[in-house]
Amino acid sequence: MIELHVLPDPESVGLAAADAIDEVVRGGPCVLGLATGSSPDRVYDELARRHLAQPRPWASSRVFILDEYVGLPAGHPERYATVIRRAITDRVGIPSERVHAPDVDADDLVVAGARYDADIAAAGGVDLQLLGVGANGHIAFNEPGAPLDGGTHLAQLTARTRQDNARFFDGDVQAVPRTAMTQGIGTILRSRRALLVATGEAKAEAVAALASRDATSAVPVTALHRHDSVLVLVDEAAASGLDASAVLPDVRLVRPTRVPAGR
Ligand code: GLP
């Protein structure tokens, strides 16, 4: 079941997503799946702000990062393990040994991928998986064509994704790695709950596909139809391609909703 909320603006999306994560963290020890990209930034800022205002038991949570570039040295500012520490986990005091990323430095990345999935399972599975979506519908680094049941694996990035991510590398597309390790769609579907955030017009096509197309590897985000519990939070711009008459029966479109109050 997918609950798709259309909110007025990116700020409202950030607050509502922070509400959902905050609730899980306040419930005690939990396992979170966290995403990079610019979409989660507002969410992380709001979570850090709340923690500063009134501490939450973040230190007892565990984090599994969705994906990681291959080829960037440890500590590189754009390596996702660095990005996640800077964006959220250092700010809320999660010890680094509780923040996991696929082992892109391993000799055998196939073994490393399987080990990452095993580590997630051993931690009890992901309670809440935060996701963004690429303009081409990718989730994590599962590009169009990725199998809907895959585990953590090595993925080739498309030219479009490398172009989209060049902004994190001073606009230099050549500096963007060509490969990454990513949780597979199968890994993502095993999370207990998924929370997808998307803002801006560039995401309109991917959001429209999610609402109206059955699971197809041509648009990886549509795999979420195979997940039991998905909350999708989008702003008006990302919702601009939605055709209410084409929305699939397993999607509950909520529009408009209250503007969530920041806490
Ligand atoms: C990146 C990440 C994804 C992310 C997506 C969208 O390539 N691997 O996990 O969801 O692209 O990023 P953004 O939120 O910056 O648009």
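Everything numeric here is computed off the predicted structure, so don't read it as measured data.

*Asks:* Mind showing me how you'd approach the packing of aromatic side chains here?
*Replies:* One pair of aromatic rings is described through two measures. These are the centre distance and the angle between the planes. Going through the model one piece at a time under the given rule, you end up with five aromatic pairs. Judged by centre distance (5.7 Å) and plane angle (75°), the rings of Tyr69 and Phe169 are edge-to-face. Taken together, the residues Tyr69 in strand β4 (residues 67–69) and Phe169 in the loop between α5 (159–165) and β8 (179–182) connect sequence positions 100 residues apart. What makes Tyr69 buried here is its relative accessible area of 0%.

*Asks:* Before we go on, may I ask you to explain the site of the ligand in this structure?
*Replies:* Residues in contact with the ligand amount to 13 residues; listed here are only the nearest, Ser38, Ser39, Asp67, Arg167 and Lys203. The backbone of Val133 places a nitrogen or oxygen atom 3.4 Å from an oxygen atom of the ligand. Contact between the ligand and Ala140: a nitrogen atom at 3.4 Å from a main-chain N or O atom of the residue. Here the ligand, which alone exposes 390 Å², has 95% of that area covered by the protein. The cavity that encloses the ligand is the largest pocket. Of the residues in the shell around the ligand, the class split is four nonpolar, six polar and three charged.

*Asks:* Just checking my understanding: could you explain the pairing of β8 for this structure?
*Replies:* Sheet faces and side chains relate simply in a regular strand, where the side chains alternate between the two faces. Both faces of β8 are covered, namely the face carrying Thr179 and Met181 and the face carrying Ala180 and Thr182. Bridge count between β4 and β8: three bridges; the pairing is antiparallel. Counterpart to Glu68 in the pairing with β8 is Met181.

*Asks:* Explanation requested: the nonpolar core in the structure shown.
*Replies:* The nonpolar side chains of soluble globular proteins are, as a tendency, buried together. Core analysis: the largest hydrophobic core is formed by 46 residues, its most contacted members being Ile21, Leu32, Leu195 and Leu233. The leading source of residues in this core is helix α1 (residues 10–26), at eight residues. With near-sequence residues (within four places) excluded, Ile21 lies in contact with Leu32, Val43, Leu47, Trp58, Leu128, Leu130 and Leu195. Counting residues in hydrophobic clusters, the runner-up holds 34 residues, among them Leu131, Val133, Ala198 and Val230.

*Asks:* Explanation requested: the layout of surface pockets in the structure shown.
*Replies:* One simple way to see leftover space: roll a probe sized like a water molecule over the atoms. Approximately 440 Å³ is the volume attributed to the largest pocket. Gly37, Val133, Gly134, His138 and Lys203 are, among the 25 residues lining the largest pocket, the residues nearest its centre. The element best represented in the lining of the largest pocket is α5, accounting for four residues. Here the lining of the largest pocket is composed, by residue class, of 10 nonpolar, 10 polar and five charged.

*Asks:* I'm lost on the sheet that holds strand β10 (residues 230–235) in this one. Help?
*Replies:* Within a sheet, adjacent strands bond to each other through the backbone by hydrogen bonds, running parallel or antiparallel. Strand order in the open sheet formed by eight strands is β5-β3-β2-β6-β9-β10-β1-β11, with parallel pairing between adjacent strands. Edge positions in the sheet fall to β5 (99–100) and β11 (251–254), since each of these pairs with one other strand and no more. Bridge count for strand β2 (residues 31–34) against strand β3 (residues 62–65) is four bridges, and the pairing is parallel. By the bridge assignment, Val31 is partnered in β3 with Arg62. Set on the sheet, helix α3 (residues 80–89) makes contact with β2, β3 and β5; between it and β3 the angle comes to about 140°.

*Asks:* When you look at empty space enclosed by the protein in this model, what are you seeing that I'm missing?
*Replies:* Summed over the entire model, instances satisfying the criterion amount to one cavity of 30 Å³ or more. Space inside the largest cavity adds up to approximately 50 Å³. Lining of the largest cavity is provided by Pro10, Val13, Gly14, Ser39, Arg42, Val43, Val197, Ala198 and Thr199. Mapped onto the lining of the largest cavity, the elements with two or more residues apiece are α1, α2 (41–53) and β9 (193–198). Tallying contributions element by element places α1 first for the lining of the largest cavity, with three residues. Split into classes, the residues belonging to the lining of the largest cavity amount to five nonpolar, three polar and one charged.

Thresholds applied
- The numbering scheme is per chain: residues are counted from 1 as the chain's sequence reads.
- Given that this is a predicted model, residues contribute local features only at a pLDDT of at least 70 and side-chain atom pairs are listed and counted only at 80 or more, while totals for whole chains, interfaces and linings are drawn from all residues.
- For the side-chain quantities, the full set of heavy atoms in the structure was used; hydrogens and water were omitted.
- A pair of Phe, Tyr and Trp rings is counted when the ring centres sit within 6.5 Å of each other, with Trp represented by its six-membered ring. The angle between the planes then sorts it: under 30 degrees is stacked, over 60 is edge-to-face, the rest tilted.
- A run of DSSP states H or I qualifies as a helix once it reaches four residues; a run of E qualifies as a strand once it reaches two. Both are numbered from the N-terminal end.
- Throughout this description, buried means an accessible area under 20% of the type-specific maximum (1.4 Å probe, protein chains only), exposed means over 50%, and partly exposed covers the range between.
- Whether a residue is near a molecule or strand depends on its heavy atoms: if one lies within 4 Å, it is near.
- Nitrogen and oxygen atoms within 3.5 Å of one another constitute a polar contact, given that in protein one can donate a hydrogen and the other can accept it, and given that sequence-neighbouring residues count only through two side-chain atoms.
- To measure how exposed things are, a 1.4 Å probe is used in the Shrake-Rupley method; for residues, cover is taken only from the protein chains shown.
- A cavity here means a set of points on a 1 Å grid, drawn over the protein atoms and nothing else, where a 1.4 Å probe fits but cannot get out; a pocket is an open set with protein on both sides within 12 Å along at least five of seven lines, and a residue lines either one if it has an atom within 4 Å of a point.
- Placement in a cavity or pocket follows one criterion, namely that more than half of the molecule's atoms lie within 2 Å of its grid points.
- Gly is placed with the polar residues, together with every amino acid not listed as nonpolar (Ala, Val, Leu, Ile, Met, Phe, Trp, Tyr, Cys and Pro) or charged (Asp, Glu, Lys and Arg).
- At least two bridges found by DSSP between two strands is the condition for calling them paired.
- Working definition of a nonpolar core: buried Ala, Val, Leu, Ile, Met, Phe, Trp, Tyr and Cys residues. They are joined through side-chain atoms within 4.5 Å.
- When checking whether two residues touch, look at their non-hydrogen atoms; a contact exists if any pair is within 4.5 Å.
- Grid points are joined across faces, edges and corners, and a volume is the space filled by probe spheres set on the points.
- Interaxial angles span 0 to 180 degrees and are taken between N-to-C directions of axes, which are lines fitted to C-alpha atoms, for helices over the stretch in contact.

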